[in-house]
Amino acid sequence: MMVYVGQGERVVPIGPTEDRDCPRCEQVTAFQPQLRYKFGQFDLLFGFVYGKRYQLACTQCQHGWLLDTRLTERSLDRSPIPFHLRFGWLVLVGIAALGAVVYWMRQGGV
Ligand SMILES: [Zn+2]
C-alpha cells in the first residue's frame, strides 16, 4: 500500500481586512486577520495540525500581531482548518483501537 506522507504550512484569511496604522510601513494599511498553521498528513485522509496561531498581518509587509486564540475561535462560525486535519488523528486512534480489538479476539479473548 502506498502511503502519502506530507507536511506543509498554510495561511488562511479568516475575515475582512481592517485599516490599521502599520509601524513598519509608516502609514495606514489594510490588515488581514488570518490563521497560520502547520500540518502533517498521511495518505491525504488523515492529518494533524500543529503550530496553530491567529494573527493580524499587514498586507503590505506582513508585519503583524498575534491574536488571542480562544477569543478568535469564539468569533469564528467554523474552524478554517479542514475537517480531516482537525479530526484525522481520531481516525488513526480508531484504527489502532480496532486493530487492538481484532488482535485481542484472535488471542482467544475472554
Ligand atoms: Zn506594513
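Notes on the structure in this doc start here. (Residues numbered from 1 in each chain as written. Predicted model: local features only at pLDDT ≥ 70, side-chain atom pairs only at ≥ 80, totals over all residues. Heavy atoms only, no water.)

### A look at the coordination of the zinc ion
- Around the zinc ion, the protein supplies C22 (SG), C25 (SG), C58 (SG) and C61 (SG) as donor atoms, at distances of 2.3 Å.
- Donor residues binding the zinc ion come from one chain and are separated in sequence as C-x2-C-x32-C-x2-C.
- For C22, a relative accessible area of 1% gives the class buried. (Donors = N, O, S within 2.8 Å, 3.2 Å for Na, K, Ca; no water. Buried < 20%, exposed > 50% of the residue type's maximum accessible area, 1.4 Å probe, protein only.)

### Here we look at the nonpolar core
- Counting nine residues, the largest nonpolar core consists of V12, I14, L35, Y37, F39, Y54, L76, I81 and L85.
- Per element, the largest residue contribution to this core is three residues, and it comes from strand β3 (residues 27-42).
- Those residues in contact with L76 that lie beyond four places of it in its chain are I14 and Y54. (Core = buried A, V, L, I, M, F, W, Y, C linked by side-chain atoms within 4.5 Å. Helix = DSSP H or I, 4+ residues; strand = E, 2+ residues; numbered from the N terminus. Contact = heavy atoms within 4.5 Å.)

### Describing the environment of Q34
- You can see Q34 is positioned in strand β3.
- Counting along the chain gives 22 residues from Q34 to V12, while the straight-line C-alpha distance between them is 5.4 Å.

### Some thoughts on the packing of aromatic side chains
- Enumeration over the complete set of coordinates arrives at four aromatic pairs.
- With a centroid separation of 5.0 Å and 50° between ring planes, the pair formed by F83 and F87 is classed as tilted. Taken together, the residues F83 and F87, both in helix α2 (residues 83-106) and four residues apart, mark about one turn of the helix.
- The ring of W65 carries the charged tip of R20 above its face, separated from the ring centre by 6.0 Å. (Phe/Tyr/Trp six-rings, centres within 6.5 Å; stacked < 30°, edge-to-face > 60°. Lys NZ or Arg CZ within 6 Å of the ring centre and 35° of its normal.)

### A closer look at a nonpolar patch on the surface
- A cluster of nonpolar side chains, namely V5, F42, F48, Y50, F83, F87, W89, L90, V91, L92, V93 and I95, defines an oily patch on the protein surface of about 1100 Å² accessible area.
- Elements with a minimum of two residues in the nonpolar patch: β4 (46-58) and α2.
- The leading source of residues in the nonpolar patch is α2, at eight residues.
- Within the secondary structure layout, V91 lies in helix α2. (Patch = residues over 30% accessible without salt bridge, like charges linked within 9 Å, V, L, I, M, F, W, Y side chains within 5 Å. Areas by Shrake-Rupley, 256 points an atom, 1.4 Å probe, with all protein chains shown as cover. Salt bridge = Lys/Arg side-chain N within 4 Å of Asp/Glu carboxyl O.)

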